[in-house]
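Observations on the three-dimensional arrangement
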Amino acid sequence: MIATVTLEIVGYSDSECSPFPCDENRTCGLTACVSSASLVKAYDALKNEVEKEFGECVTMKLTLLDDQVPDYIREIYEKEHPAIPMILLKGQIIPIGRISWPPIRDAISKELTL
């Protein structure tokens with residue numbers, strides 16, 4: 001049986017993907033969304049990278065908070081006060097506060113090898 005995990009990105013539809021500038025000096029490892037700084041575009045770029053590297057082992061989910069905050073997200077936020085965008089792997093926060101391929105890839109790899 002193949003191990004699977006869920007990677008969830010949480011934010012607002014007009015959120016930026018990072019508190020850092022999105023330019024030629026970026027270190028996020030994604031190129032499909034360059035200079036947009038858009039959470040939604042970065043999610044799509046990340047999803048493409050995840051599918052290429054991990055195939056069906058990772059389920060991707062984008063949770064937008066514009067209209068409603070799910071109870072489980074509210075509980076996480078009240079306990080841990082994470083940055084937005086919130087990156088969750090198997091419902092647990094990856095404490096990076098931005099969409100960045102290298103640390104997300106490493107966290108997924110580690111989780112799949114457990």
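My aim in this report is to walk through the structure given alongside it, one point at a time. Remember, predicted model here, so these are calculated numbers, not experimental data.

Quick notes on the overall build of the protein
Regarding its fold elements, the protein presents three helices and four strands. Mapped from its N terminus to its C terminus, the protein presents α and β elements in the order β-α-β-α-β-β-α. For a compact globule of 114 residues, the expected C-alpha radius of gyration is about 13 Å, and the protein comes in at 14 Å, within 12% of that figure. Taking the principal axes of the C-alpha coordinates as reference, the protein spans close to 40 × 35 × 20 Å. For the protein, buried positions account for 38% of its 114 residues. Within the protein, counting contacts between residues at least 6 apart in sequence, those at least 24 apart form 64% of the total. Carbon together with sulfur atoms contributes 49% to the accessible area of the protein, which is approximately 6800 Å² in total. If you average the places of the 11 positive and of the 18 negative side-chain charges in the protein, the two averages end up 4 Å apart.

Let's talk about helix α3 (residues 101-113)
Here α3 contains 13 residues, and its C-alpha end-to-end distance of 18 Å stays within 8% of the 18 Å for a straight helix at 1.5 Å per residue. Looking only at α3, the buried set comprises W101, I104 and I108. One side of α3 holds all its buried residues, which, seen down the axis, span an arc of 75 degrees. For α3, exposure combined with an orientation more than 90 degrees from the buried face picks out K110 and T113. Packed against the buried residues of α3 are β1 (5-11), α1 (39-54), β2 (58-64) and β3 (86-89).

Some remarks on unusual backbone geometry
Going from I84 to P85, the amide bond is cis rather than trans, its omega being 10 degrees. Within the element layout of this structure, P85 appears in the loop between α2 (71-80) and β3. Within the chain, A37 stands out as a residue other than glycine whose phi angle is a positive 55 degrees. With respect to the helices and strands, A37 occurs in the loop between β1 and α1. Taking relative accessible area as the criterion, A37 reaches 17% and is therefore assigned buried.

Looking at the environment of E16
For E16, the position within the fold is in the loop between β1 and α1. For E16, the contacting residues outside a window of four places in its chain are A37, L39 and P85.

Remarks on the packing of α1 against α3
Where α1 meets α3, the closest approach of the two axes is 11 Å, and the angle between their N-to-C directions is 40 degrees. In terms of crossing hand, the pair formed by α1 and α3 is right-handed. Seen from α1, the contacting residues are L46, E49, V50, E53 and F54; seen from α3, they are W101, I104, R105, I108, S109 and L112.

Quick notes on the rules
Residues numbered from 1 in each chain as written. Predicted model: local features only at pLDDT ≥ 70, side-chain atom pairs only at ≥ 80, totals over all residues. Heavy atoms only, no water. Helix = DSSP H or I, 4+ residues; strand = E, 2+ residues; numbered from the N terminus. Rg over C-alpha atoms; globule rule 2.2 N^0.38 Å. Buried < 20%, exposed > 50% of the residue type's maximum accessible area, 1.4 Å probe, protein only. Contact = heavy atoms within 4.5 Å. Areas by Shrake-Rupley, 256 points an atom, 1.4 Å probe, with all protein chains shown as cover. Lys, Arg positive; Asp, Glu negative; His and termini not counted. Charge placed at Lys NZ, Arg CZ, Asp CG, Glu CD. Expected span 1.5 Å × (residues − 1). Arc of directions from axis to C-beta. Axes fitted to C-alpha atoms, helices over the stretch in contact; angles between N-to-C directions. Left-handed = near helix turned anticlockwise from the far one by under 90°.

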